[in-house]
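Secondary and tertiary structure notes
Single-letter residue listing:
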Amino acid sequence: MFKLFNRSDSPSPSSAPSATPAQACEKPNSETLADPSAGDSSGVKGAFSGLRAALRQTRNGLLGQLKTLTADASDKPLDAEALEAFEEALIRADFGVDLAVALAEQARQKGLSARQLKPFLREELMRVLGAVSQSSRFNELSYGDDRLNIYFVVGVNGAGKTTLIGKLAHRFVGHGKRVIIAAGDTFRAAAEEQLGVWAQRAGAELVQTQTNDAAAVVYDALRLAQDGGDVAGSVVIIDTAGRLQNKFNLMEELGKMKRIIDKEAPARHVYEALLVVDATTGQNALSQAKVFAQAVNLTGVALTKLDGSAKGGIAFHIAKAHQLPVKLVGVGEQIDDLKDFDAVAFIDGLLDEEAL
Amino acid sequence: MLETLSDRLQQTLRFGTGKTLTLENMDDALKDVRRALLEADVSLRVVKEFIGRVREKAEGEAVLKSVNPGQQLVKVVHDELVHLLGETYAPLNLDEGSPNIIMMFGLQGSGKTTTSGKLARRLRKAGHNPLMIAADVYRPAAVDQLVALGKQLGIDTFSIAGSTDVQQIARQGLDKAKAEGFSHVIIDTAGRLQVDTDMMAELLLLERSFKPHEKLLVIDAMTGQEAIHVAEAFNTQLSVTGMVLTKLDGDARGGAALSVVSVTGKPIKLVGLSEKMDGLQDFHPDRLAGRILGMGDVVSLVEKAQSAIDEDEAKAIEAKMRKNEFSLEDFMKMQRMLKKLGSLDQILGMLPIPGLTKEMREMVAHGGEGQLKRIEAMINSMTPEERRQPDLIKKSRAQRIARGSGTKPEDVTQFLQMFEMMRAMMGGLTRASDQAKSGDQAGAEASMNKTMHSAMGQLMGKKGKKGKKNKMKGFPGMPGMPGMPGMPGFPSLPGGGKGGGFPFK
Ligand SMILES: Nc1nc2c(ncn2[C@@H]2O[C@H](COP(=O)(O)OP(=O)(O)OP(=O)(O)O)[C@@H](O)[C@H]2O)c(=O)[nH]1
Ligand SMILES: Nc1nc2c(ncn2[C@@H]2O[C@H](COP(=O)(O)OP(=O)(O)O)[C@@H](O)[C@H]2O)c(=O)[nH]1
Ligand SMILES: [Mg+2]
Ligand SMILES: [Mg+2]
């Protein structure tokens, strides 16, 4: 995670205050806090197969559509028609025109045959997701059992923030952690009631305000977390009202909340600001990533509603344009429908037309 | 910032250099159209059909013979979009049945509950007596959300505490409506994936038992390629009567609208333009067409301005503009406010200035940001008197200011000329704003366009006369110009707060 702060292209200047020198050179002791229900000691494997199963809908599509074109087992280069079909399959998955055209063009230049297409795509997509060049932790949600862990959850209206928070809280509580949820959506009707239900289901503490000052809730939650003194391993998750990134004042409000975090968090803490993106979102997600990153120094993306038919190709576009790793995946409306993002599983899910 | 279709076609066809659109380069031009639509999130299948239609039209003589084929092609595309989006248009069916039943459905988080509240509010304003039925029994506190909206609006909401029986809730709600004489019921249902057969069956059952007069599919304007599948599935299973496109107050291009209309053949009936209860409007195909093509989006700019600008200060500045007392001090204040709006490039991109290419925008913006600093230095070197009355600044004063700010006297005079032009423009824009306020939308649009044109005209004229070197110099002088002068007038534009009513898009 701290790698992220050092990246030269890290988008927000506001990252500086929270990455104190002590923090920057010291790694938190992290455990693998994968989905406890996965039942596999490594955690990761369970998430892997779960994600794959959840992607059943998603997968019916990408290379499946190409099957007729790529069934040819010979080694002759793909013809123009096949390349176009390839490009179109990517576009249909919301990869965006640029990325789709670039990948198809590479395939053409390399003179790839049908058989070579899949390995090529897998490698390229892994690269795009940063899963090759970055450390193996790149796509992992940061957590330190020796410090306070702060998860700041932001995104446009209806993306799935509150639900994600419920699921995340449930996961941490399942690992025996103290979890405090800050009800930072003081705007939408019954937002607090909704979050309250999730907090109760997860067994987390809930901090609310009588006023509608979202920054005050953050302050209260961070104080509550630190009141007892020992914060090691504790978790604070901050819900925020959905907002469209072109609303200046609402983005300012997020900046204000971020500044409270910078000020009130203990010197050693984990900071994750997650942009929640609905997998059905089109190209607008790029603008979301850009503007939210400027406001709160995003550290990752949570891709929700992947249990639907959307392929979430926009995640590749975001990763490429903004070097933002996908860290979590929402695959349903139940409390344990949360998966760690696994680049290999995700890509194989997209490509593997016959795995299930 | 996304390139607009005109930007792209200008590169492809290089119009202005006499090259015309021919059958040979038609494919290249249409590729631009394809890309623009895909970047606006129109689903690929729909794009393909659409391109076919545009090709047919464009191959007609009118476009080929036109001196400005790029612009002409943009027009063909635009008109075809308007045509497709508007072809099926039909108003809400509110007169049938007693009560008239409206059912809302769609994916999770698309805006069903919010739209239910907005629609109830609209119905009551039109003299009806609506009842809302809370039939989302799955999402935590979904019932509370609708009840809270009802309370806020003073509109009755029916729910059964603890019940998970959607059919029973709807049945009893309807009984209540009949017994108590409600004219309309709005059934808010839970969000669901169109591939979730159990959940779709629930809707089907509701549909069969209650035969709603309106079945509204609520779609998020940010939806990507999946829009087509979502709309298709809901429509085949429930035969949708209309669609609501929400969150258009964002900066998504909204191409999903074309996808869903094409694939269902059903009209978009309403659009959501705010989280608040007054943010619901009728659908205007022409506005959306312009938006999909990225042809300037003054409405977004207005909204952004509204959220960024200090209303009181803006009013004060506006008053000064009207009295022609706008000073360099006010200019500085304005610049500070405008910085909040985003980069110059972004602002320029939102303005519907014909022929303003991406390159020009970037050049202006790039030159502009640097130039702004120099202008600040100049203004700082002026006396308060000079700031209030720039007319006082003649040769010797200009020399002094130049020395103080590390600029050249010509720079100072040039800036003051720009400032004069700006003042003139402000007059025009304030006028537009006044006209819009008084309901004269056409007049407002005309004033706005006239102002924009004359500003661009001045610029173009200048660079033409003074030759190449001066051309570049002319631009950096602009930072205060494009859009900025209009800003202070915008906050008070009518309906802006509701995100609408503004005529330009
Ligand atoms: N199918 C599916 N639905 C989801 C998922 N995550 C969230 N949802 C649903 O999406 C809708 C919106 O979720 P919320 O968590 O309320 O979203 P939010 O971003 O907090 O919304 P606002 O606070 O209103 O902006 C709800 O109906 C959720 O049940 C997911 O992974 N899959
Ligand atoms: N900015 C904006 N937000 C909207 C609009 N319509 C709905 N929302 C927001 O989108 C989110 C989901 O809306 P909701 O009505 O709860 O969606 P539902 O899950 O489909 O019932 C909420 O945060 C709403 O405030 C709109 O037109 N503009
Ligand atoms: Mg929420
Ligand atoms: Mg709802």
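It should be noted that the structure appears before, not after, this text.
Given the structure is predicted, the values throughout are model-derived calculations rather than measurements. (Residues numbered from 1 in each chain as written. Chains lettered and ligands numbered in written order. Predicted model: local features only at pLDDT ≥ 70, side-chain atom pairs only at ≥ 80, totals over all residues.)

1. Quick word on the packing of helix α14 (residues 284-296) of chain A against helix α15 (residues 314-322) of chain A
All names here are of chain A.
- Their axes nearest at 9 Å, the elements α14 and α15 cross at an angle of 40°. Considering the angle they form, α14 stands oblique to α15. Judged by the twist between their axes, the crossing of α14 over α15 is right-handed. Of α15, the residues touching α14 (which contributes Ala285, Leu286, Ala289, Lys290 and Ala293) are Ile314, His317, Ile318, Ala321 and His322. (Axes fitted to C-alpha atoms, helices over the stretch in contact; angles between N-to-C directions. Helix = DSSP H or I, 4+ residues; strand = E, 2+ residues; numbered from the N terminus. Parallel < 35°, antiparallel > 145°, perpendicular 65-115°, else oblique. Left-handed = near helix turned anticlockwise from the far one by under 90°. Contact = placed C-beta atoms within 7 Å.)

2. Considering the packing of helix α6 (residues 112-125) of chain B against helix α7 (residues 142-153) of chain B
Residue and element names in this part refer to chain B.
- In contact at an axis separation of 10 Å, α6 and α7 are set at 25° when each is read in the N-to-C sense. Relative to α7, α6 is oriented roughly parallel. Crossing of α6 over α7 shows right-handed handedness. For the pair α6 and α7, contact is made by Thr113, Ser116, Gly117, Ala120 and Arg121 and by Ala142, Gln145, Leu146, Leu149 and Leu153, respectively.
- Taken together, the residues of the contact of α6 with α7 sort by class into five nonpolar, four polar and one charged. (Nonpolar A, V, L, I, M, F, W, Y, C, P; charged D, E, K, R; others polar.)

3. With respect to the site of ligand 2
- Around ligand 2, the structure places 22 residues, and the nearest of them are Asn157(A), Gly158(A), Gly111(B), Thr114(B) and Gly272(B).
- Mapping the residues adjacent to ligand 2 onto the chains of the assembly identifies chains A and B.
- By residue number, the principal contributor to the shell around ligand 2 is α6(B), which donates three residues.
- For the shell around ligand 2, the class distribution of residues is two nonpolar, 15 polar and five charged. (Near = placed C-beta within 6 Å.)

4. A closer look at helix α10 (residues 227-238) of chain B
Residue and element names in this part refer to chain B.
- Across its 12 residues, α10 extends 16 Å between first and last C-alpha, which sits within 8% of the 16 Å expected from 1.5 Å per residue.
- When α10 is considered as a whole, its buried residues turn out to be Ala227, Ile228, His229, Val230, Ala231, Phe234 and Asn235.
- Packing partners of the buried residues in α10 comprise α3 (44-58), β1 (100-106), β5 (214-220) and α11 (256-264).
- Where α10 terminates, the next one or two residues include serine 239, which has phi positive at roughly 35°. (Expected span 1.5 Å × (residues − 1). Buried ≥ 20, exposed ≤ 12 C-beta atoms within 10 Å, placed from the backbone.)

5. Considering the interface of chain B and chain A
- The interface is formed by 38 residues belonging to chain B together with 37 residues belonging to chain A.
- Counting residues per element, the ones that place at least two in the side of chain B that touches chain A are α2 (26-39), α7 and α13 (298-308) of chain B.
- In terms of residue class, the side of chain B that touches chain A is built from 14 nonpolar, 12 polar and 12 charged.

6. Some points on the environment of Val143(B)
Residues and elements named next belong to chain B.
- When you line up the elements, valine 143 lands in helix α7.
- Valine 143 sits in the buried class, given 24 other C-beta atoms within 10 Å.
- Along the sequence, valine 143 and serine 159 sit 16 residues apart, while their C-alpha atoms lie 7.1 Å from each other.
- With near-sequence residues (within four places) excluded, valine 143 lies in contact with Ala134, Asp136 and Ser159.

7. What to know about the site of ligand 1
- Every one of the 27 residues lining ligand 1 counts as a neighbour, but Gly160(A), Thr163(A), Gly242(A), Gly330(A) and Gln108(B) are closest to it.
- The environment of ligand 1 is shared, with nearby residues belonging to chains A and B.
- Ranked by residue count, the leading element in the shell around ligand 1 is helix α10 (residues 161-174) of chain A, at three residues.
- By residue class, the composition of the shell around ligand 1 is five nonpolar, 14 polar and eight charged.

8. Some words on unusual backbone geometry
Residues and elements named next belong to chain B.
- With an omega of 0°, the peptide bond between serine 98 and proline 99 qualifies as cis.
- With respect to the secondary-structure elements, proline 99 resides in the loop between α5 (69-87) and β1.
- In the Ramachandran plot, lysine 211 falls in the positive-phi region, its phi being about 45° despite a non-glycine side chain.
- With respect to the secondary-structure elements, lysine 211 resides in the loop between α9 (197-210) and β5.
- Here lysine 211 falls in the exposed class, since 11 other C-beta atoms lie within 10 Å of it.
- The phi dihedral of lysine 247 is positive, around 65°, even though this residue is not glycine.
- Along the chain, the position of lysine 247 falls in the loop between β6 (242-246) and α11.

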